[in-house]
Amino acid sequence: MAKMKEVGVAVLGFGTVGAGVVDTLAKNGDLLAERLGLRLVLRGVADLDLATDRGVAVDPALLTTDGAGLIARPDVDVVVELIGGTGAAKDLALQALRRGKPVVTANKKLLAEHGEEIHRVAEENQTEILFEASVGGGIPIIKALREGLCANRIESIYGILNGTCNYVLTRMEEAHLPFETVLREAQAAGFAEADPSLDIDGHDTAHKAAVLASLAYGCNVPLAKVRVAGIRGIAAADIAYAADMGYRIKLLALIEGGADGVEVSVQPALVPHHHQLAAVGGVFNAVLVRGDVVGTTLYYGRGAGRAATASAVVADLADAALNLRAGGRRRDLSAVRARAPVVFRDPGEIVARHYLRFSMRDLPGTLAKVATVLGAHRIGIDSVMQKEAAKGAAYVPVIIVTGPAKEREMAAALAEIAALAGVTDRPTVTYRIEDFE
Ligand code: HSE
């Protein structure tokens with residue numbers, strides 16, 4: 001019997017995901033060979049730290065500290081970059097692409113910050129960069145956008161793309177605990193990094209949003225065009241008031257495109273309790289994609305972790321291997337080349353309903369003053385909630401859910417209210433309400 005074709009794989013970075021990839025290739029290598037008609041063979045694993053036990057069996061002869069040397073080997077056909085960051089990761093990914101070897105990566109930061117260059121080098125060298133694991137971990141959202149939904153104009157994408165943030169928000173709501181307590185708890189349990197800012201301040205979600213938006217709209221989405229607000233310091237009170245009013249706060253990646261341009265933002269937003277995204281709890285991720293032909297589609301799963309991310313990386317390896325066997329790239333990456341110049345929406349023109357929490361002076365007529373300013377800016381009021389003031393308190397929380405309003409009008413109204421003498425004693429908390437319409 002003829003020997004099955006082998007495709008040589010190099011793994012750069014032997015961290016959690018690298019170990020998961022090695023594990024998956026060992027565990028399901030035969031199944032993959034059966035499905036693909038070729039065998040993915042691990043030729044080497046490069047990491048500067050070869051001492052730490054990764055909890056996975058690997059032939060010591062495969063381990064090396066020389067990533068560049070591994071990439072250059074003639075029996076390496078595909079390179080998996082799992083180093084992270086934009087230093088050695090970028091350097092080695094470019095080296096592989098310049099040798100005409102496809103690169104599989106989970107590195108959203110690399111794609112968001114240097115995607116244009118990486119895709120250009122891939123194209124110049126007649127090879128490809130695959131990045132299913134960069135967004136949504138094990139959820140095949142990149143394949144869905146690139147292939148499954150290619151008949152559609154993408155109208156909108158709403159994503160819960162950061163498991164750390166979703167875990168923190170879920171736990172705050174369920175246990176009625178403050179942000180700092182839950183963050184410390186999550187760090188102790190290994191659900192949050194020691195330095196959590198990449199996750200908590202929304203940057204990880206922004207990288208992922210940029211990757212999704214670039215696929216959806218066929219353009220490079222510079223990070224500078226992504227408006228980012230994270231969940232740091234979100235108040236347990238707002239989570240509770242939002243719940244009273246029928247909403248759950250989620251950190252959302254919001255991607256919308258229309259005749260007036262594209263919006264890409266990351267922000268905590270109120271999601272109606274009855275909406276599917278409100279039910280996505282803990283470390284899970286979900287992405288809702290709306291296309292003009294298919295309508296609404298929803299994808300759910302583990303957005304991080306060794307096994308889920310390895311599942312996506314190995315799927316890309318399978319794709320790259322099949323493409324090599326077919327004599328090159330099966331599909332080009334036209335999705336990331338601008339079809340037309342993309343216009344980004346003026347943020348001031350974006351229309352949404354808002355949740356406002358005022359700390360309002362507890363005196364007759366104060367609410368009327370606030371309502372007058374909102375009215376003058378043509379901002380309607382959908383609902384109002386005030387609890388009785390604590391004994392002796394001069395200011396009380398008043399929650400107002402507004403009707404649809406332009407962000408510019410909302411900002412102007414809130415500035416005017418802040419300037420009114422004796423009405424509020426601190427900045428008003430404001431969150432967008434996402435009605436998914
Ligand atoms: N740190 C990310 C998260 C996973 O918490 O979801 C990697 O993208």
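Just so you know, these numbers come straight off a predicted model, no measurement behind them. (Residues numbered from 1 in each chain as written. Predicted model: local features only at pLDDT ≥ 70, side-chain atom pairs only at ≥ 80, totals over all residues. Heavy atoms only, no water.)

## Some thoughts on the packing of helix 4 (residues 108-124) against helix 9 (residues 203-217)
And then number 1: As a packed pair, helix 4 and helix 9 sit with axes 8 Å apart at the nearest point and diverge in direction by 60°. Considering their axes alone, helix 4 and helix 9 lie oblique with respect to each other. Judged by the sense of rotation from one axis to the other, the crossing of helix 4 with helix 9 is left-handed. Residues Lys108, Lys109, Leu111, Ala112 and Glu113 of helix 4 form the contact with helix 9, whose participating residues are Asp204, His207, Lys208, Ala210 and Val211.
And then number 2: Considered class by class, the residues forming the contact of helix 4 with helix 9 number 4 nonpolar, 1 polar and 5 charged. (Axes fitted to C-alpha atoms, helices over the stretch in contact; angles between N-to-C directions. Helix = DSSP H or I, 4+ residues; strand = E, 2+ residues; numbered from the N terminus. Parallel < 35°, antiparallel > 145°, perpendicular 65-115°, else oblique. Left-handed = near helix turned anticlockwise from the far one by under 90°. Contact = heavy atoms within 4.5 Å. Nonpolar A, V, L, I, M, F, W, Y, C, P; charged D, E, K, R; others polar.)

## Overview of the site of the ligand
And then number 1: Lys108, Asn162, Gly163, Thr164, Asp199, Asp204, Lys208 and Ala304 make up every residue found near the ligand.
And then number 2: A distance of 2.6 Å separates an oxygen atom of the ligand from a polar atom in the side chain of Thr164.
And then number 3: Between the ligand and Lys208 there is a distance of 2.7 Å, counted from an oxygen atom to a side-chain nitrogen or oxygen.
And then number 4: Cavity membership is defined here by more than half of the atoms lying within 2 Å of grid points; on that basis the ligand lies in the largest pocket.
And then number 5: Within the residue set of the shell around the ligand, elements represented by two or more residues are helix 6 (163-175) and helix 9.
And then number 6: Residue composition of the shell around the ligand, by class: 1 nonpolar, 3 polar and 4 charged. (Near = heavy atom within 4 Å. Polar contact = N/O pair within 3.5 Å; in protein donor to acceptor, adjacent residues only side chain to side chain. 1 Å grid on protein atoms, 1.4 Å probe; cavity = no way out; pocket = protein on both sides within 12 Å on 5 of 7 lines; lining within 4 Å. Sits in = over half its atoms within 2 Å of the grid points.)

## As for the side chain of Asp316
And then number 1: Inspection of the secondary structure assignment puts Asp316 in helix 11 (residues 306-325).
And then number 2: Put simply, Asp316 is tucked away with no salt bridge, and the nearest opposite charge, on Lys143, sits 6.2 Å away.
And then number 3: Beyond its immediate stretch of four places on either side in the chain, Asp316 contacts Val104, Leu130, Phe131, Glu132 and Ala133. (Buried < 20%, exposed > 50% of the residue type's maximum accessible area, 1.4 Å probe, protein only. Lys, Arg positive; Asp, Glu negative; His and termini not counted. Salt bridge = Lys/Arg side-chain N within 4 Å of Asp/Glu carboxyl O.)

## A short note on the nonpolar core
And then number 1: Among the nonpolar cores identified, the biggest contains 79 residues, and Ile141, Leu145, Ile157, Leu212, Ile231, Ile234 and Val289 are the most heavily contacted of them.
And then number 2: Considering each element in turn, this core owes the most residues, 9 residues, to helix 9. (Core = buried A, V, L, I, M, F, W, Y, C linked by side-chain atoms within 4.5 Å.)

## Digging into the pattern of salt bridges
And then number 1: This model, assessed by the stated rule, comprises 33 salt bridges.
And then number 2: Of the charged contacts, one joins Lys109 and Glu113 as a salt bridge, the two residues approaching to 3.1 Å between their closest N and O atoms. Of the two residues, Lys109 and Glu113 both sit in helix 4, 4 residues apart, roughly one turn of that helix.
And then number 3: Here Glu113 falls in the partly exposed class, since its relative accessible area comes to 36%.
And then number 4: Arg120 is the partner of Glu124 in a salt bridge, and the nearest nitrogen-oxygen pair spans 3.3 Å. Taken together, the residues span about one helical turn, with Glu124 and Arg120 both in helix 4 at a distance of 4 residues.

## A word on helix 5 (residues 141-148)
And then number 1: Taken together, the buried positions of helix 5 are occupied by Ile141, Ile142, Ala144, Leu145 and Arg146.
And then number 2: Contacts made by the buried residues of helix 5 are with strand 7 (154-160), helix 9, strand 11 (284-291) and strand 12 (295-302).

## Description of the domain arrangement of the protein
And then number 1: Looking at the assigned domains, one finds that the protein contains domain 1 (6-137 + 306-335), domain 2 (141-302) and domain 3 (350-433).
And then number 2: For domain 1 versus domain 2, the distance between C-alpha centres works out to 27 Å.
And then number 3: Taken together, the contact between domain 1 and domain 2 spans 19 residues of the former and 20 residues of the latter.
And then number 4: Here domain 1 meets domain 2 over a buried area of about 1,700 Å², counting both sides, of which 58% is carbon and sulfur.
And then number 5: As a salt-bridge pair, Lys143 and Asp319 come within 2.7 Å of each other at their nearest N and O atoms.
And then number 6: In this assembly, domain 1 and domain 2 are joined by 5 residue pairs in polar contact (both at pLDDT 80 or more).
And then number 7: Going through the elements one at a time, helix 4 and helix 11 are the ones with two or more residues in the side of domain 1 that touches domain 2.
And then number 8: The element contributing the most residues to the side of domain 1 that touches domain 2 is helix 4, with 6 residues. (Domains from an automatic or database assignment. Buried area = accessible area lost by both parts, 1.4 Å probe.)

## Digging into the sheet that holds strand 1 (residues 5-12)
And then number 1: Sheet architecture is open: 6 strands sit in the order 3-2-1-4-5-6, paired in parallel fashion. The two strands at the open ends of the sheet, each matched to only one other strand, are strand 3 (63-64) and strand 6 (129-130).
And then number 2: Two strands pair when backbone bridges link them, and strand 2 (residues 38-46) and strand 3 are joined in this way by 2 bridges, in the parallel orientation. Considered in strand 3, the bridge of Val45 is made with Leu63. (Pairing = 2+ DSSP bridges.)

## Some points on the side chain of His275
And then number 1: Mapped onto the secondary structure, His275 falls in the loop between strand 10 (261-272) and strand 11.
And then number 2: With a relative accessible area of 12%, His275 lands in the buried category.
And then number 3: Excluding its chain neighbours within four sequence positions, the residues that come into contact with His275 are Leu288 and Phe436.

## What about the state of the cysteines?
And then number 1: This model, assessed by the stated rule, comprises 0 disulfides.
And then number 2: The cysteine Cys150 is free of any disulfide, with Cys219 supplying the nearest cysteine sulfur at 17 Å. (Disulfide = S-S within 2.5 Å.)

## A look at helix 12 (residues 366-376)
And then number 1: What helix 12 keeps buried is the set Thr366, Val370, Val373 and Leu374. Down the axis of helix 12, the sector holding all buried residues measures 100°, keeping them to one side. Facing away from the buried side of helix 12 by more than 90 degrees, the exposed set consists of Thr372 and Ala376.
And then number 2: Buried-residue contacts for helix 12 involve strand 13 (351-361), strand 14 (381-386), strand 15 (395-402) and helix 13 (407-419).
And then number 3: Of the residues flanking the end of helix 12, it is Arg378, one or two places downstream, whose phi is positive at about 60°. (Arc of directions from axis to C-beta.)

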